[in-house]
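Remarks on the overall topology
This is what each chain is made of:
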Amino acid sequence: MKIVRTVGALRQEVAAVRASGARIGLVPTMGAFHDGHLSLMRRAREKCGFVVVSLFVNPTQFNERSDLERYPRDEQRDAAMAKSAGVDVLFAPPVEEVYPDGFATTVEVSGVSEPLEGAMRGPAHFRGVATVVAKLFNMAQPDEAFFGQKDAQQALLIRRMTRDLDFPVYVEVCPTVRETDGLAMSSRNALLDPSSRRRATALSRALFAIERTVAGGERDAERALAAGRVILRAEGIEPEYLAAVSTGTLAPVKTITGETLIPVAARVGNVRLIDNVIVRPEARA
Ligand code: AMP
């Protein structure tokens, strides 16, 4: 596995591969790898002849300075994990390589970027995400790019941007990988103190309870969500949002008739966590 730090060096690597006809897969990340990241790398490895992983803690998508400053970073460990997942190139540029002096262009995806995370973190967050992913697509020129369902709204936004800007990239969204107690894996989990780590399982327990309620026949969104709110409240967690929304538009859903996304965001201790499930009511005969 090669580690490259400049756009020029990355372009050189992929140009040679492209000439050989191999498919190029890209996995954008901010590092501090866990099994969620590795699942994307393995999926890319399965589908593509050449796998590029980008490791870049993108400052423009952080809405809190303290979150950016304490974001876990360990490039050596990440490089070893990427290598063992069969990654060909780890692209780990310095900030100046991505945002040189005078950088002035941003990509804004309206609609799906506005509710939920967009409302809580402000419009700069998804502008930062869309801009950096557009740049990574142009830098690596992948045939396919791999994202996690854990960040459902981000995945939707990237699909929208890819279609709207005609990037010739197939976007694949991979399932959320969880700890054995249900907590969705996240680089930020490492920042949880032991008591918050225990309480944090309430997020997935709440989502699974909502899933069971819908499976049991409940179609009223508020009543289904109430099953989750009870679990969060029992741990003293007040969610920033817990909602039932359309998987395609993120518009709120009152009656659960088809595939519905249930996203949640909450601060546990001083760490902000997000998670989601998709509920699919069985069609009744
Ligand atoms: P991050 O490094 O947090 O920006 O995440 C990089 C990619 O990994 C994004 O596409 C995330 O959605 C994805 N990802 C993060 N956590 C998980 C997880 N638990 N399961 C699956 N994918 C994940």
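It should be noted that the structure appears before, not after, this text.
As a starting point, this report considers the structure included with it. Quick caveat, the model's predicted, so the values are computed rather than measured. (Residues numbered from 1 in each chain as written. Predicted model: local features only at pLDDT ≥ 70, side-chain atom pairs only at ≥ 80, totals over all residues. Heavy atoms only, no water.)

A word on the packing of helix α1 (residues 7-20) against helix α7 (residues 123-140)
The test is simple: Axis angles are defined between N-to-C directions and span 0 to 180 degrees, where every axis is a line fitted to C-alpha atoms and, for a helix, only to the segment in contact. Here a strand is any run of E in DSSP of at least two residues, a helix any run of H or I of at least four, and the numbering for each starts at the N terminus. Here is the rule for angles: anything less than 35 degrees is roughly parallel, anything more than 145 is roughly antiparallel, 65 through 115 is roughly perpendicular, and the remaining ranges are oblique. Any pair of residues with heavy atoms lying within 4.5 Å of one another is described as a contacting pair. Three classes are used: nonpolar for Ala, Val, Leu, Ile, Met, Phe, Trp, Tyr, Cys and Pro, charged for Asp, Glu, Lys and Arg, and polar for all others, with Gly counted as polar.
The contact between α1 and α7 brings their axes to 8 Å, and the two run at 55°. Put simply, α1 runs oblique to α7. Residues V7, L10, R11, V14 and R18 of α1 pack against N138, M139 and A140 of α7. Its residues assigned to classes, the contact of α1 with α7 shows five nonpolar, one polar and two charged.

Considerations on the pairing of strand β5 (residues 144-148)
The condition is simple: The buried label applies to any residue whose accessible area, calculated with a 1.4 Å probe on protein chains only, is under 20% of its type's maximum; exposed applies above 50%, and partly exposed to all values in between. The pairing criterion for strands is at least two bridges between them, as found by DSSP. A right-handed crossover is one whose linking path, passing over the helix from the first strand to the second, runs clockwise when the strands point away from the viewer.
Among the five residues of β5, five are classified as buried, and the element is accordingly described as predominantly covered. With burial as the criterion, each face of β5 is covered, one bearing E144, F146 and G148 and the other bearing A145 and F147. In this structure, strand β2 (residues 24-29) lies alongside β5, joined through two bridges in parallel fashion. The partner of G25 across the bridge, within β5, is E144. Bridge count between β5 and strand β6 (residues 170-174): five bridges; the pairing is parallel. Residue pairing for β6: F146 is matched across the bridge by E172. For the crossover that starts at β5, traverses helix α8 (residues 152-164) and ends in the parallel β6, the hand is right-handed.

Examining empty space enclosed by the protein
Short version of the rule: The pocket and cavity definitions rest on a 1 Å grid over protein atoms only: a 1.4 Å probe that fits but cannot leave marks a cavity, an open set with protein on both sides within 12 Å along at least five of seven lines marks a pocket, and residues lining either have an atom within 4 Å of a point. Grid points are joined across faces, edges and corners, and a volume is the space filled by probe spheres set on the points.
All told, the structure shown has one cavity of 30 Å³ or more when counted by the stated rule. A volume near 40 Å³ is recorded for the largest cavity. Taken together, K150, L183, A184, N189, L203, L273, I274 and D275 form the lining of the largest cavity. Top element by residues in the lining of the largest cavity is strand β10 (residues 271-279). It accounts for three residues. Looking at side-chain class alone, the lining of the largest cavity contains five nonpolar, one polar and two charged residues.

Comments concerning the site of the ligand
Which entries qualify depends on this criterion: We call a residue near a given molecule or strand whenever any one of its heavy atoms falls within 4 Å of it. Contacts described as polar in this section are N or O atom pairs within 3.5 Å, which, within protein, must combine one atom able to donate a hydrogen with one able to accept it, while residues neighboring in sequence count only if both atoms come from side chains. Only the protein chains shown count as cover for residues, and the accessible areas themselves come from Shrake-Rupley with a 1.4 Å probe.
The local shell around the ligand holds 17 residues, among which M30, H37, D151, V177 and M185 are the closest. The contact in question runs from an oxygen atom of the ligand to an N or O atom on the backbone of G148, over 2.9 Å. Between the ligand and M185 there is a distance of 2.9 Å, counted from a nitrogen atom to a backbone nitrogen or oxygen. The protein chains hide 93% of the 480 Å² of surface that the ligand would expose on its own. Those elements giving two or more residues to the shell around the ligand turn out to be β2, α2 (35-47) and β5.

Examining the environment of M185
Considering the arrangement of structural elements, one finds M185 in the loop between β6 and α9 (194-199). The class of M185 is buried, set by a relative accessible area of 11%. Contact partners of M185, with chain neighbours within four places excluded, come to H34, D35, G36, K150, V177, R178 and E179.

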